[in-house]
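# Residue-level structural notes
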Amino acid sequence: MSVGGFYKDKSKKDGFAGRCKTCDSAKSSKYNKENSKALLEKTKKYRANNKDLVKVWGDKYKSNNKDKILAYEKDKRDSYSKEYKVALGSINSARRRSTLSSDALYGGLSFTKALEVTLPLAGERLRLDEATGETHHIDHIIPISKGGTHTVDNLQVITQTENILKHNNEGI
């Protein structure tokens, strides 16, 4: 192997590290894998103790990489399925209209779990749109404006017309 395959190390007589770059990388990967929990805790502790530095670094990164971040976010959004986009829209719409905390709005579920329970309804909404040629909505049986929650027992798929006629009234 040529000397280009070794890291420089001024403390060594020949000026190069004892392990090649490939072996050093393999050892580092193995160490990181075996100690992932400890390393994660160390990172969390550092971030907690250095919030200002982490914020400065994050702001600097965002400022220097605006185009990269926008492209990443666009690629991520473009990769979402139609069902996911519909479910996400339904949840975000409920969150904007509700005065409840997220915990209460989702019936104690996390945002991710609330999204999971909404996905089948989103699929049903899209299936009905396709089958009938009529637009459907994911509706809250007890409206969000009247304290209703975004939970599976308070959601239904109805036509756009029925939803508009229902407005803020309960049930259909």
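None of the values given here were measured: they were computed from a predicted structure.

### Points about the packing of aromatic side chains
In the structure shown here, the tally under the stated rule is 3 aromatic pairs. Judged by centre distance (5.6 Å) and plane angle (20 degrees), the rings of Trp57 and Tyr61 are stacked. Within this pair, Trp57 and its partner Tyr61 are both found in helix H3 (residues 51-64), separated by 4 residues, close to a single helical turn. For Trp57, a relative accessible area of 55% gives the class exposed. Classification of Tyr61 by relative accessible area gives partly exposed; the value is 33%. Measuring from centroid to centroid gives 4.4 Å for Tyr80 and Tyr84, while their planes differ by 50 degrees, and the two rings are tilted.

### Side note on the packing of helix H5 (residues 82-97) against helix H7 (residues 111-132)
Viewed as axis vectors pointing N to C, H5 and H7 meet at an angle of 120 degrees, and their least axial separation amounts to 7 Å. In terms of orientation, H5 and H7 fall into the oblique class. Crossing angle aside, the handedness with which H5 passes H7 is right-handed. Residues Lys82, Glu83, Tyr84, Val86, Ala87, Leu88, Ser90, Ile91, Asn92 and Arg95 of H5 lie in contact with H7, whose contacting residues are Phe111, Ala114, Leu115, Thr118, Leu119, Ala122, Gly123, Arg125 and Leu126. Here the contact of H5 with H7 is built from residues that sort into 11 nonpolar, 4 polar and 4 charged.

### Focus on the side chain of Asp139
Within the secondary structure, Asp139 is located in strand E3 (residues 136-140). In this structure Asp139 comes out as buried when scored by relative accessible area, which is 5%. In terms of polar contacts, Asp139 uses its side chain to reach the side chain of Lys166, at 2.7 Å.

### A few points about the environment of Tyr72
Along the chain, the position of Tyr72 falls in helix H4 (residues 66-79). By relative accessible area, which is 56% here, Tyr72 ends up exposed. Taking the C-alpha atoms as reference points, Tyr72 and Leu121, 49 residues apart in sequence, are found 28 Å from one another.

### Some points on the pattern of salt bridges
Tallied over the full model, the rule gives 8 salt bridges. Among the ionic pairs, Arg125 bridges to Asp129, the shortest N-O distance being 3.2 Å. Pair noted here: Arg125 and Asp129 are both in helix H7, with a separation of 4 residues, about one helical turn.

Thresholds, definitions, all that
- Residues numbered from 1 in each chain as written.
- Predicted model: local features only at pLDDT ≥ 70, side-chain atom pairs only at ≥ 80, totals over all residues.
- Heavy atoms only, no water.
- Phe/Tyr/Trp six-rings, centres within 6.5 Å; stacked < 30°, edge-to-face > 60°.
- Helix = DSSP H or I, 4+ residues; strand = E, 2+ residues; numbered from the N terminus.
- Buried < 20%, exposed > 50% of the residue type's maximum accessible area, 1.4 Å probe, protein only.
- Axes fitted to C-alpha atoms, helices over the stretch in contact; angles between N-to-C directions.
- Parallel < 35°, antiparallel > 145°, perpendicular 65-115°, else oblique.
- Left-handed = near helix turned anticlockwise from the far one by under 90°.
- Contact = heavy atoms within 4.5 Å.
- Nonpolar A, V, L, I, M, F, W, Y, C, P; charged D, E, K, R; others polar.
- Polar contact = N/O pair within 3.5 Å; in protein donor to acceptor, adjacent residues only side chain to side chain.
- Salt bridge = Lys/Arg side-chain N within 4 Å of Asp/Glu carboxyl O.

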